[in-house]
Amino acid sequence: MKKTGWLRTSVVASVSAAALTMGMSATAVAADKGTVSVLNWWTSGSEAKSMHVLQQMLADQGYKMVNDAVSGGGGSNARTVLKSRIQSDNLPGAAQIKGPEIQQWCQTGLTQNIDSVAKAGNWSKILPGPIAKGMQCDGHWVAVPFNIHRINWLWINKAAMKKAGADMPTDWPSFVDALKKLKAAGITPIAGGGDNWQVATEFDAIAMATGGADFYRKAFVDLNAEALSSDTMAKAFSRLRTIQKYEDPNGTGLSWNHDTGLVVKGQAGIQIMGDWAKGEITNAGSTPGNEIACIAMPGEHDGFIYNADSFEIFSHTKSDKAAQDAFAKTALSPKFQRKFNMAKGSIPVREGVSLKGFDACAKKSEKDFKQAEKNNALVPSFSQDMAESGAVKGAIFDVIARFYNDKSMTPEAAAKQMASQAKQAHMMSQM
Ligand code: BGC
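Residue positions are given per chain, counting from 1 as you read along its sequence in written order. At least 70 in pLDDT is required for a residue's local features to be given in this predicted model, at least 80 for side-chain atom pairs to be given and counted, and no such filter applies to totals for whole chains, interfaces and linings, which use all residues. Excluding hydrogens and water, the side-chain values take into account all heavy atoms of the structure.

Right, let's talk about helix α14 (residues 276–283) for a bit. Of all eight residues making up α14, six are buried, and the element is well covered by its neighbours. Of all the residues in α14, the buried ones are Trp276, Ala277, Lys278, Gly279, Glu280 and Ile281. Labels follow the DSSP assignment, with helices taken as runs of H or I lasting at least four residues and strands as runs of E lasting at least two, numbered in each case from the N terminus. Phi turns positive one or two residues past the end of α14, at Gly285, with a value near 90°. Only protein chains enter the accessibility calculation, which uses a 1.4 Å probe. A residue is then buried if its area is under 20% of the maximum for its type, exposed if over 50%, and partly exposed in between.

The following block contains the structure:
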């Protein structure tokens, strides 16, 4: 299905205009078999590079991909743009949407069924079960996954640790000991705390290490009030307070990728962040696993908090159906899965793709993913929209931010608020 020239021009023009006003990058590659505009929040160096892989692979097949990227870690700005594009009747051909929000968008009737692409590509066989399920709605495929990111990581500059005389942490006390030593050596112990999304991402990793997978699921997936207000949750908050003491007090407003840069340069010792940080480390010329160590967030419990980036496909769009199908098909091709994930810091979501040439941290991620799958220790990330829909996630984020910004708030009070706010937001979202 090929649209008329003026329609295609208007897609490119509106995206470019939006890009100029919002400081985004929009690149178009010449092609004539059809166009797909793709709304996403991948604007850091490594993220843009990863997206370019897809743009190029589509161009090679004769399709034009308009990369409609909106800055803002975690995607809150991109979500606002998506909503405003419904009002201006300018829905993208595909948009970065994850977790339960995939189902919510599907209920609007604005999404497109891509069953034929999924069937031809055998998606139900090549994707892990829970991920395949999340891409379907009312029995139809409406979204395509790209990758698996892990959230509960520490990225550690080995030279900075050596300079400070600190050992690699193996549990919570040795982690705090390393932070003390980094501080004494005049190195910012933790790069982070720039915005609510970053703090929530840190808390995500801490909660898992403190309470384990069963606790995590009860609290953030089932919204069990007892788990949310428990002593374990209070302990996680008290650990966040400890972490906060070791963050740069002037770091407010700094982006996650800026913070990764501080760790790469040795100006900070450690970052608690999902493995998109690994994409930045590689992009800066460092090797994850060598100069920058990766270890799972230490605590009493192991486990794997996952985040699968995915794109929902829209109908009522000016994008061409053939280009949308090519987008979905190419994203799950073994070639794209290798090239994209190598640049992005994640691991392939398609099963059976070789990790030959990937760094040691990607290999550890895959191994830990499989182990966690076996041990029932695989959980969907609440901070990256994988566990709860927008309103509930927003309520949880608000409590974490309130606690972070108000040093007089006790961990116990924060845990109690977490339970009441999440319950209220959940009830409101059901009305
Ligand atoms: C996304 C990652 C992205 C990160 C920072 C996360 O929510 O899943 O793909 O790199 O945000 O932008």
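Read on for the rest.
Packing of helix α12 (residues 231–245) against helix α19 (residues 411–430) leaves a shortest axis separation of 8 Å and a crossing angle of 125°. Classified by the angle their axes make, α12 and α19 are oblique. The way α12 lies across α19 gives a crossing that is right-handed. Contact residues: α12 offers Met233, Ala234, Phe237 and Ser238, while α19 offers Pro411, Glu412, Ala414, Ala415 and Met418. When residues are grouped by polarity, Ala, Val, Leu, Ile, Met, Phe, Trp, Tyr, Cys and Pro land in nonpolar, Asp, Glu, Lys and Arg in charged, and all others, Gly among them, in polar. Per-class residue counts for the contact of α12 with α19 are seven nonpolar, one polar and one charged. Geometry is summarised by axes, namely lines fitted to C-alpha atoms with helices restricted to the contacting stretch, and by angles between N-to-C directions that run from 0 to 180 degrees. Reported orientations rely on four angle classes, namely roughly parallel under 35 degrees, roughly antiparallel over 145, roughly perpendicular from 65 to 115, and oblique for the rest. Each crossing is labelled by how the near helix is turned from the far one, with a counterclockwise turn of less than a right angle marking it left-handed and a clockwise turn marking it right-handed. Every residue pair with non-hydrogen atoms within 4.5 Å of one another is taken to be in contact.

For each domain, the first and last residues come from an automatic or database assignment. Taken domain by domain, the protein chain holds domain 1 (8–149 + 308–368) and domain 2 (153–306 + 386–429). Counting from both sides, the interface comprises 28 residues of domain 1 and, opposite them, 24 residues of domain 2. In short, buried area is how much 1.4 Å probe accessible area vanishes from two parts on joining, totalled over both. Of all residues in domain 1, Pro100, His149 and Cys361 give up the largest surface area on contact with domain 2, accounting jointly for 25% of the area buried on that side. A pairing counts as a salt bridge when a side-chain nitrogen of Lys or Arg comes within 4 Å of a carboxyl oxygen of Asp or Glu. Put simply, Asp359 and Lys278 hold a salt bridge, and the shortest N to O gap is 2.9 Å.

Our focus in this paragraph is helix α18 (residues 390–405). Every helix has an expected span of 1.5 Å times one less than the residues it contains. Taking 1.5 Å as the rise per residue, α18 with 16 residues should run 22 Å; its terminal C-alpha atoms sit 22 Å apart, in good agreement. For α18, the set of buried residues is Val392, Lys393, Ala395, Ile396, Phe397, Val399, Ile400, Ala401, Phe403 and Tyr404. Structurally, α18 contributes buried residues whose contacts are with α3 (76–87), α10 (196–221), α12 and α19.

With that settled, consider the packing of α18 against α19. In a packed pair of helices, the relevant descriptors are the angle between the two axes and the axis-to-axis distance. Where α18 meets α19, the closest approach of the two axes is 8 Å, and the angle between their N-to-C directions is 160°. With respect to their mutual orientation, α18 and α19 come out roughly antiparallel. In the crossing of α18 with α19, the sense of the turn from one axis to the other is right-handed. Each of Ala391, Val392, Ala395, Ile396, Val399, Ile400, Arg402 and Phe403 in α18 lies in contact with α19, whose residues at this interface are Pro411, Ala414, Gln417, Met418, Gln421, Ala422, Ala425, His426 and Ser429. Residues belonging to the contact of α18 with α19 are distributed by class as follows: 12 nonpolar, four polar and one charged.

Nearness of a residue to a molecule or strand requires only that one of the residue's heavy atoms be within 4 Å of it. Around the ligand lies a shell of 14 residues, among which Glu47, Asn307, Asp309, Lys344 and Gln384 are the nearest. The term polar contact refers here to a pair of N or O atoms within 3.5 Å; inside protein, the definition further demands a hydrogen-donor-capable atom paired with an acceptor-capable atom, and it admits residues adjacent in sequence only when both atoms are side-chain atoms. Within the side chain of Asn307, a nitrogen or oxygen atom sits 2.8 Å from an oxygen atom of the ligand. Here an oxygen atom of the ligand and a side-chain polar atom of Asp309 are 2.6 Å apart. Compared with its free state, where it exposes 310 Å², the ligand has 100% of that area covered by protein. Taken together, the residues of the shell around the ligand break down into five nonpolar, five polar and four charged. Counting residues domain by domain, the shell around the ligand receives three or more from each of domain 1 (8–149 + 308–368) and domain 2 (153–306 + 386–429). Only the protein chains shown count as cover for residues, with accessible areas throughout obtained via the Shrake-Rupley method and a probe of 1.4 Å.

To continue, consider the environment of Lys125. Note that Lys125 resides in helix α6 (residues 123–126). By relative accessible area, which is 64% here, Lys125 ends up exposed. Measuring from C-alpha to C-alpha, the distance between Lys125 and Ser365 comes to 21 Å, with 240 residues separating the pair along the chain.

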